[in-house]
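Each chain is listed here by its residues.
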Amino acid sequence: MTSIEDRKDDHIQLALDDNNQTSGASAFDALILEHDCVPETSLEDIDLKTNFINHTVSAPLIIGAMTGGSNEGDLINKNLAIAAQTLNLPLAVGSQRAAIESGRTQKIREYAPDAFILGNLGATQVRDYGVKFVRKACESINADAMVIHFNPLQELIQPEGDKNWSGILDVVKKCADSLSIPIIAKEVGSGISVFSAKKLLSAGIDWIEIAGKGGTSWARIELNRNPDEQIMKTAYPFLDWGMNTVSSARLLRRNFNHLNIIGSGGVRNGLDIAKCIALGCNLTAIAQPFLAPARKSPEEVISKLSICIDQLRWALFLTGCKNIEDLKKVKIYEE
Ligand SMILES: Cc1cc2nc3c(=O)[nH]c(=O)nc-3n(C[C@H](O)[C@H](O)[C@H](O)COP(=O)(O)O)c2cc1C
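Residues numbered from 1 in each chain as written. Predicted model: local features only at pLDDT ≥ 70, side-chain atom pairs only at ≥ 80, totals over all residues.

### Examining the overall build of the protein
The helix and strand inventory of the protein stands at 16 helices and 12 strands. If you line up the protein on its principal axes, its C-alpha atoms span 60 × 45 × 40 Å. By the burial criterion, 47% of the 335 residues in the protein qualify as buried. The long-range share in the protein, meaning contacts at least 24 apart out of those at least 6 apart in sequence, stands at 78%. (Helix = DSSP H or I, 4+ residues; strand = E, 2+ residues; numbered from the N terminus. Buried ≥ 20, exposed ≤ 12 C-beta atoms within 10 Å, placed from the backbone. Contact = placed C-beta atoms within 7 Å.)

### Observations concerning the site of the ligand
Around the ligand, 26 residues are found, and the nearest of them are Gly94, His149, Gly215, Thr216 and Gln288. Mapped onto the shell around the ligand, the elements with two or more residues apiece are helix H1 (3–15) and strand S7 (145–149). Per-element tally for the shell around the ligand: the top contributor is H1, with three residues. In terms of residue class, the shell around the ligand is made up of 11 nonpolar, 14 polar and one charged. (Near = placed C-beta within 6 Å. Nonpolar A, V, L, I, M, F, W, Y, C, P; charged D, E, K, R; others polar.)

### Brief notes about helix H15 (residues 298–318)
Taking 1.5 Å per residue as the helical rise, H15 with its 21 residues ought to reach 30 Å, and the 30 Å between its terminal C-alpha atoms agrees with that figure. Listed as buried for H15 are Val301, Leu305, Cys308, Leu312, Ala315 and Leu316. Buried residues of H15, seen end-on, are gathered within an arc of 100 degrees and therefore sit on one face of the element. Positive backbone phi, at 70 degrees, marks glycine 320, one or two positions downstream of H15. (Expected span 1.5 Å × (residues − 1). Arc of directions from axis to C-beta.)

### A look at the environment of arginine 268
You can see arginine 268 is positioned in the loop between strand S10 (260–264) and helix H13 (270–279). Classification of arginine 268 by C-beta neighbours within 10 Å gives partly exposed; the count is 18. Sequence-wise, arginine 268 and glycine 214 are 54 residues apart; in three dimensions their C-alpha atoms are separated by 9.8 Å. Here arginine 268 is in contact with Ser26 and Pro289, once residues within four sequence places are set aside.

### Comments concerning the packing of helix H2 (residues 71–87) against H15
In a pair of packed helices, the angle between the axes and the distance between the axes together describe the arrangement. Look at H2 against H15: their axes get within 8 Å of each other, and the N-to-C directions meet at 50 degrees. By the angle class used here, H2 and H15 are oblique. Note on packing geometry: the crossing formed by H2 with H15 is right-handed. Where H2 abuts H15, its residues Asn79, Leu80, Ile82, Ala83, Thr86 and Leu87 lie against Pro298, Val301, Ile302 and Leu305. Among the residues forming the contact of H2 with H15, the class breakdown is eight nonpolar, two polar and no charged. (Axes fitted to C-alpha atoms, helices over the stretch in contact; angles between N-to-C directions. Parallel < 35°, antiparallel > 145°, perpendicular 65-115°, else oblique. Left-handed = near helix turned anticlockwise from the far one by under 90°.)

### So, the nonpolar core
In a soluble, globular protein the nonpolar side chains are often hidden away together inside. Ranked by internal contacts, the top residues of the largest apolar core, which has 97 residues, are Leu80, Leu91, Ile117 and Ile208. Every residue in contact with leucine 91, bar those within four places of it in the chain, is listed here: Ile63, Leu80, Ala81, Ala84, Ala112, Ala115 and Ile117. (Core = buried A, V, L, I, M, F, W, Y, C linked by C-beta atoms within 7 Å.)

### A look at the environment of arginine 225
With respect to the secondary-structure elements, arginine 225 resides in helix H10 (residues 218–225). Separated by 176 residues in the primary sequence, arginine 225 and lysine 49 have C-alpha atoms spaced 41 Å apart. Every residue in contact with arginine 225, bar those within four places of it in the chain, is listed here: Asp10 and Pro159.

### So, the pairing of strand S11 (residues 283–286)
Burial along S11 is two-sided: Leu283 and Ala285 facing one way and Thr284 and Ile286 facing the other are all buried. Both S10 and S11 contribute to a ladder of three bridges, which runs parallel. Bridge pairing in S11 links serine 264 to alanine 285. Considered for its hand, the β-α-β crossover made up of S10, H13 and S11 is right-handed. (Pairing = 2+ DSSP bridges. Right-handed = clockwise from strand over helix to strand, strands pointing away.)

### A few points about the pairing of strand S6 (residues 117–122)
Here is the key point about a regular strand: its side chains alternate between the two faces of the sheet. Judged by how many residues are buried, S6 sits mostly within the fold: six of six residues are covered. Alternating positions in S6 separate into two faces, Ile117, Gly119 and Leu121 on one and Leu118, Asn120 and Gly122 on the other, with burial throughout. The pairing of strand S5 (residues 91–92) with S6 spans two bridges and is parallel. Bridge assignment links alanine 92 to a residue of S6, and that residue is leucine 118. Examined bridge by bridge, S6 and S7 share five bridges and lie parallel to one another. Note on S7: the bridge partner recorded for leucine 118 is alanine 145.

### A short note on the packing of H13 against H15
The contact between H13 and H15 brings their axes to 7 Å, and the two run at 55 degrees. On the basis of the axis angle, H13 is oblique to H15. Two packed elements cross with a definite hand, and for H13 against H15 that hand is right-handed. Of H15, the residues touching H13 (which contributes Gly270, Leu271, Ile273 and Ala274) are Cys308, Ile309, Asp310, Gln311, Leu312, Ala315 and Leu316. Broken down by class, the residue content of the contact of H13 with H15 amounts to eight nonpolar, two polar and one charged.

Interpretation in functional terms is not warranted from these geometric data alone.
Take a look at the structure:
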C-alpha cells in the first residue's frame, strides 16, 4: 500500500469519530422556518425534484465527496454509487488523485451508469499536474461536473500538506476555460467567503460548494495524524477556524444573485436541507453521515438517504410548500 492509500484509510477511521466533528451547537438549530398550520397540500403530492446542471435529480441533495483510491474507499464508493443510481441523486466522489496516480480503475459508472457524478481533485494538485490531469480525472469516471477542493487549513496541519498556494487561481481559470463540463469550487469545512467567491467568479467559476464550519472538522482530523508537537501547539487556536455554513450561505446569496450555491458542512438531516434552500442555496451536500452506512451496504445508505428525503418532504408540508421553488420563499426566523 502506498502512503497516500494509508492516508485515505486514516481519514475514513478518523472521520467516523464524533470527536472530529465541529464542537458546539449547530448553526442550523438557531433557524426556524415559518410554520404553516394550513398547508393546503397533500404530503404525497409534494415535488422535491430539482434541476442540477441540466439534469433532473429527485431532491436537492448531493452525496458529498469522501473517498476513493484505497480498497476500503472503493467499497464505500461502490455502495454510495448504487444508492445514487437507485434514488437518482448526485454523487460526488472523493479526490481522484490517488486512483489516477496509481492507475487504479474507478468503477463508479459500473454501479451508477445514469447518476449525476461529480469528479474531485485538490486545487494544489490541479496547479501542479495541470489541465490534462483534470481532464483525465473527468474522463475516467465520465463526470458530469468537476469539483476542485480548496483546503488551505487542512494542508497547513496535514503532515504531507502543501503550504504553497501561489498560482492557483490562474490554473483554475484555465480549467474553467478549457473543460467541457462545469467546475464547482468547494471548501472542506471552513466555508467560502464573499471575498473568495469574487476571486473564484473572476476565474469563471459560477458553482460553489460552501463546505462550511459546523460538520466534519479537517483541522481535528489532521491534528490526530500529525505527531509534530510544534504544529499541534500552533494549530490549536485554529481548530474552529472558518465560516459556518449558515453565515456563508446567507452572505453569498445576499451578494451574488446568479451564483449557484451548494450548502454543505454540518447539514445533518432533511430539515437542515430545507433551511439551506430557504437561505438561498440551490442544492445541498451531506458527507460524513453517509460514511458509516456506506461501509456496510447500499441498503444502509439508501435507508439513511430516504430518511433525509422524508424529513425534507415534512419540512415542505409544514411550511405549506408544494415544491422546492416554494421553499426558496419561506421566511426564516432566528431563535
Ligand atoms: C472520510 C471523508 C473524506 C473526505 N474526502 C474529501 C475529498 O477527497 N475531497 C473533498 O473535496 N472533500 C472531502 N471530504 C469533505 C466532505 O466532502 C465535506 O465537504 C465535509 O466533510 C463537510 O461535510 P459534512 O459535515 O457533511 O461531513 C471528505 C469527508 C469525509 C468525511
